[in-house]
Amino acid sequence: MTDYQRTKRKQPQDLRSARWFAPDDLRSFGHRSRIMQMGYAPEDWAGKPIIGILNTWSDLNPCHAHFKQRVEDVKRGVLQAGGFPVELPAITLSENFMKPTTMLYRNLLAIEAEEQIRAHPVDGVVLMGGCDKTTPGLIMGALTAGQPFIYLPAGPMLRGNYAGKQLGSGSDAWKYWDERRAGNITAQQWLGVEGGIARSYGHCMTMGTASTMTAIVDAMGLTIPGASSIPAADSNHIRMAAACGRRIVDMVWEDLRPGQIVNERAVRNATVVAMATGCSTNAVIHLLAMARRAGVQWGLDDLDALSREVPVIANIRPSGSTYLMEDFYYAGGLLALMSQLREKLDLDCLTVMGETLGQALTEAVVHNDDVIRPLTNPVYHEGSLAVLRGNLAPDGAVIKPSACEARFQKHTGPALVFDSYPEMKAAIDDENLDVTPDHILVLRNAGPLGGPGMPEWGMLPMPKVLLKQGYRDMLRISDARMSGTSYGACVLHVAPESYIGGPLALLKTGDLISVDIPNRSLNMLVDDAELERRRAEWKAPPPRFERGYGWMFSQHISQADQGCDFDYLTPEFGRAAGEPDIY
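Residues numbered from 1 in each chain as written. Predicted model: local features only at pLDDT ≥ 70, side-chain atom pairs only at ≥ 80, totals over all residues. Heavy atoms only, no water.

Engineer: Give me the overall build of the protein chain: which residues, what numbers.
Structural biologist: Each helix and strand counted, the protein chain has 21 helices and 14 strands in total. Taken over the C-alpha trace, the protein chain has a radius of gyration of 24 Å; the compact-globule value for 583 residues is 25 Å, and the two agree within 12%. Dimensions of the protein chain, computed from C-alpha atoms along their principal axes, come out at roughly 80 × 55 × 45 Å. In the protein chain, the share of contacts with a sequence separation of at least 24, taken over all contacts with a separation of at least 6, comes to 78%. Carbon and sulfur atoms provide 51% of the accessible area of the protein chain, an area that totals close to 21,800 Å². Considering the protein chain, the positive charge centre built from 57 side chains and the negative charge centre built from 67 side chains are found 3 Å apart. (Helix = DSSP H or I, 4+ residues; strand = E, 2+ residues; numbered from the N terminus. Rg over C-alpha atoms; globule rule 2.2 N^0.38 Å. Contact = heavy atoms within 4.5 Å. Areas by Shrake-Rupley, 256 points an atom, 1.4 Å probe, with all protein chains shown as cover. Lys, Arg positive; Asp, Glu negative; His and termini not counted. Charge placed at Lys NZ, Arg CZ, Asp CG, Glu CD.)

Written out as structure tokens, the structure is:
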């Protein structure tokens, strides 16, 4: 038993919710009478922690289809521990169906989470998320709100299957689509892949953005240790949900808040784990944003420095060649991976259990050392990501060298530039396109403002003419993002973006571009005088939005190297709001 678990710091009269329900006055009469209107009695809530459950379920989010039941499992755990559970619906951010991208709405979820927690009579919160942007959105808001919380990850879906072959979310969609465009598979086979790639509820079961972000939050100490690895359809996931409900009640009594858990050491641990998992490139943007909400100054250089030190040891696709998240769980899951990284982690960091990370790893064991490799036999000798800089990306760009062909570690080739996705799509399907394997495809106007919302367009499709010649990878550059399930030699998040006049806006078809991953450089081989001439001719494009949320987004969004948070939501802008007045 830890110090936090031994010490009950709060008494019932100290509960935050007591401000709403305890006083003998007219305002509390109104609160009590209205909760009794719903059929509850004082025995349900009096003197008990009220636990808010922020649930991102919806009929259009297949990753969270089980949350309708899991919220009941959380409530069961809350009741077991002597709390009073209340469900608070939150925007779902369905990666599959929200267009142009859920990234446009991540900060909206962060605002909603923060204000829901602050405005309601809750003493602690269970955050239910998993589909890509729900994890950072919920965490960002809850960190700013500052009340005790625990994160419940949705869990990965079961492995895909078609014709006796395992299928991985996203990764095999790209793979088989290329084969379909090359004429190597039939429409019937394509339909079989379509029906077999997603066989259960849960998020993508490759090491995509969802698995990456839940692992990061787990490593940061904000979940029940190891919870991020449990498949959504596994009965252990049900038990984990109930355990979240029980634990948050104790966290309230212990007054264990996120500020005691998330600090620079915890963010560093999360970065180490991310690099070792073969993480999504999207980890960069979300980790920077979450760290800054916690008051931790963490930048691209910090991530890149750790990438030099930490090899990829999770043999999970797309960085790995064979395995999926279900295999990762059976091999020991995230706790087993972190046990391989002990020498690189700060084991004294606190977790939501009130214990240290080191204590959480006491019994962690690797059951399959081909899935979770030792440091001496990595999947890739460095971390998952690399940060490139140069005259094409003075504020940085990101590539995933662990998931691209080795021949692109150093490459110089002519640019083939597209100003929009429709323009690019028409060109790559043109079998008469003048393109070679040495060309570098470039898509611009797809960043935070230009996209808008920085859509996952960065894994540009291979030109059909090259597919038919047998090529499956080439260098691609964009100010967009790409799905964490994607792979290939894709340079992403170019900052500043072209839409606001970043150097990418000055690039022309035929210009030579030099990419050097070992030396972390990205340059267009165009002299300064010519670039200045082009800049003088450049004209800013018209705004994407003239009203509404999109207009507000455009006024306040930061660039990719800053985490794409709204400027007014960061700690530097001002203090978080205090407790609401109750009169």
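Engineer: Can you explain the packing of helix α7 (residues 134-145) against helix α10 (residues 209-219)? Please cite residues and give values.
Structural biologist: Between α7 and α10, the shortest axis-to-axis distance is 9 Å and the interhelical angle comes to 35°. For the pair formed by α7 and α10, the contact residues are Thr135, Pro136 and Ile139 on the first element and Met213, Thr214 and Val217 on the second. Partitioning the contact of α7 with α10 into residue classes produces four nonpolar, two polar and no charged. (Axes fitted to C-alpha atoms, helices over the stretch in contact; angles between N-to-C directions. Nonpolar A, V, L, I, M, F, W, Y, C, P; charged D, E, K, R; others polar.)

Engineer: Residue-level account of the nonpolar core, with values.
Structural biologist: One finds Val126 and Leu337 to be the most contacted residues of the largest nonpolar core, which totals 125 residues. In this view, valine 126 contacts Ile51, Gly52, Ile53, Leu54, Val74, Ile150, Leu152, Cys244 and Ile248; residues no more than four positions away in its chain are not counted. Membership of the second largest hydrophobic core comes to 27 residues, among which are Val417, Val442, Leu475 and Leu522. (Core = buried A, V, L, I, M, F, W, Y, C linked by side-chain atoms within 4.5 Å. Buried < 20%, exposed > 50% of the residue type's maximum accessible area, 1.4 Å probe, protein only.)

Engineer: I'd like to hear about the packing of helix α8 (residues 171-181) against helix α9 (residues 187-196), residue by residue, with values.
Structural biologist: One can describe the packing of α8 onto α9 by two numbers: an axis separation of 11 Å at closest approach and a directional angle of 175°. Here α8 is positioned roughly antiparallel relative to α9, judged by the angle of their axes. Counting all contacts with α8, which are made through Ala173, Tyr176, Trp177 and Arg180, the residues of α9 involved are Ala187, Trp190 and Val193. Its residues placed into classes, the contact of α8 with α9 shows six nonpolar, no polar and one charged. (Parallel < 35°, antiparallel > 145°, perpendicular 65-115°, else oblique.)

Engineer: Would you mind going over the packing of aromatic side chains in detail, with residue names and values included?
Structural biologist: Overall, the coordinates contain ten aromatic pairs when judged by the stated rule. Consider the rings of tyrosine 40 and phenylalanine 84, whose centres lie 4.9 Å apart with planes at 85°: the pair is edge-to-face. With tyrosine 40 in the loop between α3 (26-37) and α4 (42-45) and phenylalanine 84 in strand β2 (residues 84-89), the pair connects residues that are 44 residues apart, well separated along the chain. Using a relative accessible area of 33% as the deciding quantity, one classes tyrosine 40 as partly exposed. Centre to centre, the rings of tyrosine 105 and tyrosine 549 are 5.6 Å apart; their planes meet at 20°, and the pair counts as stacked. Here tyrosine 549 lies in helix α21 (residues 548-556) and tyrosine 105 lies in the loop between β2 and α6 (106-119), a separation of 444 residues in the sequence. (Phe/Tyr/Trp six-rings, centres within 6.5 Å; stacked < 30°, edge-to-face > 60°.)

Engineer: Break down the pairing of strand β12 (residues 490-495) for me, citing the residues and quoting the values.
Structural biologist: Most of β12 sits inside the fold, with six of its six residues counted as buried. Of the strand pairs in this sheet, strand β8 (residues 393-399) and β12 are connected by two bridges, and their pairing is antiparallel. Looking at the pairing, valine 398 lines up with leucine 492 of β12. (Pairing = 2+ DSSP bridges.)

Engineer: Outline the side chain of serine 319, listing residues and values.
Structural biologist: Assignment of secondary structure puts serine 319 in the loop between α14 (300-309) and α15 (325-330). In this structure the side chain of serine 319 is engaged in a polar contact, spanning 2.8 Å, whose partner is the side chain of serine 402. When sequence neighbours within four positions are dropped, the list of residues in contact with serine 319 reads Gly278, Val379, Ser384, Lys400, Ser402 and Ala403. (Polar contact = N/O pair within 3.5 Å; in protein donor to acceptor, adjacent residues only side chain to side chain.)

Engineer: Quick one: what's the story with the sheet that holds strand β4 (residues 149-153), residue by residue and with numbers?
Structural biologist: Pairing in this open sheet of four strands is parallel, and the strands run β2-β1-β3-β4 from one edge to the other. Each edge of the sheet is formed by a strand with only one pairing partner; in this case those strands are β2 and β4. Pairwise comparison of adjacent strand axes, ignoring direction, gives a mean angle of 20° for this sheet. Lying over the sheet, helix α11 (residues 235-254) contacts β1 (50-55), β3 (124-129) and β4, oriented at roughly 175° with respect to β4.

Engineer: Please set out unusual backbone geometry residue by residue, giving values where relevant.
Structural biologist: Residue proline 318 is bonded to the preceding arginine 317 through a cis peptide linkage, with omega at 15°. For proline 318, the location among the structural elements is in the loop between α14 and α15. Its identity as a non-glycine residue notwithstanding, asparagine 445 has a phi of 65°, on the positive side. With respect to the helices and strands, the residue asparagine 445 is situated in the loop between β10 (440-443) and α19 (464-467). For arginine 520, which is not glycine, the phi dihedral falls at a positive 60°. For arginine 520, a relative accessible area of 10% translates into the label buried.

Engineer: Please give an account of the pairing of strand β13 (residues 512-516) that cites residues and values.
Structural biologist: Within β13, four of the five residues are buried, leaving the element largely enclosed by the surrounding structure. Both strand β9 (residues 410-418) and β13 contribute to a ladder of five bridges, which runs antiparallel. Bridge assignment links threonine 412 to a residue of β13, and that residue is serine 514. Relative to strand β14 (residues 521-524), β13 is paired through four bridges, and the arrangement is antiparallel. Its bridge partner being in β14, isoleucine 513 is matched across the sheet by methionine 524. Count of turn residues in the β13/β14 antiparallel hairpin: four residues, of which arginine 520 carries a positive phi of about 60°.

Engineer: Describe α10, with residues and values.
Structural biologist: Counting buried positions along α10 gives eleven out of eleven residues, so the element sits mostly inside the fold. For α10, every residue scored as buried is listed here: Thr209, Ala210, Ser211, Thr212, Met213, Thr214, Ala215, Ile216, Val217, Asp218 and Ala219. Buried residues along α10 sit in contact with α7, β4, α12 (264-277), α13 (282-293), α15 and α16 (333-340). One or two positions beyond α10, positive phi appears at glycine 221, with a value near 100°.

Engineer: Outline the environment of leucine 79, supporting the account with residue identities and numerical values.
Structural biologist: Tracing the sequence through the fold places leucine 79 in helix α5 (residues 67-80). The exposed category is assigned to leucine 79, whose relative accessible area is 54%. For leucine 79 and glycine 488, which are 409 residues apart along the polypeptide, the C-alpha to C-alpha distance reads 48 Å.

Engineer: I'd like a rundown of the state of the cysteines, residues and numbers included.
Structural biologist: According to the stated counting rule, one finds zero disulfides in the structure shown. Looking at cysteine 349, it has no disulfide partner, and the nearest cysteine sulfur is the one in cysteine 279, 19 Å off. Counting only cysteine sulfurs, cysteine 490 is the nearest neighbor of cysteine 404, a cysteine outside any disulfide, at a range of 8.3 Å. (Disulfide = S-S within 2.5 Å.)

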